[in-house]
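Working through the structure, step by step
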Amino acid sequence: MKWDGVRAIAHCTPAGISLWSRNLSDITGSYPEVVTALTEITDGRTLLLDGELVAPDDRGAPSFSRLQQRMHVQRPTPALIEQVRVDYLVFDVLGVDEEVLFEDSYRTRRAELADLTLDDGVRVRVPPMWSLTDTSAEELLRVATDSGLEGIVCKHGDSIYEPGRRSSAWTKVVLRLTTEAVIVGAVPGNGANAATFGGLVLAAHTPEGRLRCIGGVGTGFTAASRRSIRAALDQVRRETTPLDDPPPAPVARTAWWVEPVFVADIEYREISGDGLLRHPSFRGIRTDKTPEEIGLPT
DNA sequence: TTCCGACAGTGGGGTCGCAAT
DNA sequence: ATTGCGACCCCACTATCGGAA
């Protein structure tokens, strides 16, 4: 299963535990309860672990927005630790004592991980893996959907661990949603996009019929599609925003506006707490829908 | 000759810390 | 005290280039 959190390498030694982010910054200080739990469960063993730090919501599904409240806090208060619980999900072991396991197969490393019995049932857990020979990918994706997870990661059982490399031996399948959105404006672009636009400002109608900003999209375009969209938008420019509710401040500062006549097909991961699209990408312009019938994504 | 992987460049939401206002 | 902005986190995606197939 793919968990929506922060990747973390745990270096466990008799002298102490340290946690490291993807780009090798020391994030130990941000997660004292995880360090405490790892200290107890590793019991002085020297280990190098790979896993994901996650902040489960009330349903137990990892919530990245919750985790963000902890990510940048160097020394969290007990109240914050109580309020935003963080767990460490271990999915790989890269070293035991003096032995480096990079060259061992994933199958071997998982067997080693199971032998270490690191799961304390609370802070540190070793989530189960499934074999695609026993369970179909469709079944696993359904489990991921039902559990509120990001998707699945398929790892080749014979693959070695390749530090710093996005090897094809690990393939993620991310669950994504689609929606339609009304184009209400654009923000200026930089560099190669200076002549067209940076991103499109998107909106949808609330149940009350108010046109509200649901975020922006700045990827998914080709150079040619940027040019043709810019040309189309130039035909329907207007001085004032067509939005009924004020957009986020950075958008309001920089955007230029158009009549709400174009509908975009958008793919995204989820809706953020502020009602904005997270990880949006542009799929195309829809001509079979009118702006009036575009409601908020559910 | 074609294809693939890595990298650079552009864009999104969100949080915190710090400097400017 | 408030605001703006960069640094990190999570990313999606296109364009390009060199080497592998």
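Residues numbered from 1 in each chain as written. Chains lettered and ligands numbered in written order. Predicted model: local features only at pLDDT ≥ 70, side-chain atom pairs only at ≥ 80, totals over all residues.

1. Overview of the protein's contact with DNA strand C
Close to DNA strand C lie 18 residues, the nearest being S25, T219, T222, A223 and S281. Residues that form the surface near DNA strand C fall into these classes: 7 nonpolar, 8 polar and 3 charged. (Near = placed C-beta within 6 Å. Nonpolar A, V, L, I, M, F, W, Y, C, P; charged D, E, K, R; others polar.)

2. Comments concerning the domain arrangement of chain A
Taken domain by domain, chain A comprises domain 1 (6–127) and domain 2 (177–293). Distance from the C-alpha centre of domain 1 to the C-alpha centre of domain 2: 39 Å. (Domains from an automatic or database assignment.)

3. Details of the environment of R227
Note that R227 resides in helix α6 (residues 223–234). Note: C-alpha distance between R227 and Q69 (158 residues apart in sequence) is 39 Å. (Helix = DSSP H or I, 4+ residues; strand = E, 2+ residues; numbered from the N terminus.)

4. Side note on helix α5 (residues 137–146)
Here α5 lies mainly on the outside; 0 of its 10 residues are buried. Taken from the residues just after α5, G148 is the one with a positive phi, measuring 75°. (Buried ≥ 20, exposed ≤ 12 C-beta atoms within 10 Å, placed from the backbone.)

5. Thoughts on the protein's contact with DNA strand B
Around DNA strand B, a shell composed of 28 residues is seen, among which G191, G198, G199, G218 and S272 lie nearest. Along the lines of polarity and charge, the residues of the surface near DNA strand B split into 6 nonpolar, 18 polar and 4 charged.

6. Quick notes on unusual backbone geometry
Look at T117: it is not a glycine, yet its phi comes out positive at around 45°. Take T117: it is sitting in the loop between α4 (106–116) and β6 (124–125). Residue T117 is classed as exposed on the basis of its C-beta count, with 9 C-beta atoms lying within 10 Å. Despite not being glycine, H279 has its phi angle at roughly 55°, a positive value. Within the secondary structure layout, H279 lies in the loop between β15 (277–278) and β16 (281–286).

7. Things to note about the nonpolar core
A181, V182, L202 and A203 are the most contacted members of the largest nonpolar core, which has 28 residues in total. Elements supplying a minimum of two residues to this core: β9 (177–187), β10 (199–205), β11 (211–217), α6 and β13 (256–268). (Core = buried A, V, L, I, M, F, W, Y, C linked by C-beta atoms within 7 Å.)

8. A word on the confidence of the model for chain A
Across chain A, the average pLDDT comes to 90, with 99% of residues at or above 70. The secondary structure element of chain A with the lowest average pLDDT is strand β8 (residues 170–174), at 83, and the one with the highest is α4, at 95. (pLDDT = per-residue confidence, 0-100.)

9. A closer look at the environment of R109
Mapped onto the elements, R109 comes out in helix α4. Looking at R109, the number of C-beta atoms within 10 Å reads 23, which means it is buried. Once the C-alpha coordinates of R109 and G95 are considered, the two residues, 14 residues apart in sequence, prove to be 9.1 Å apart. Excluding residues that lie within four positions of it along the chain, R109 makes contacts with D92, V93, L101 and D104. (Contact = placed C-beta atoms within 7 Å.)

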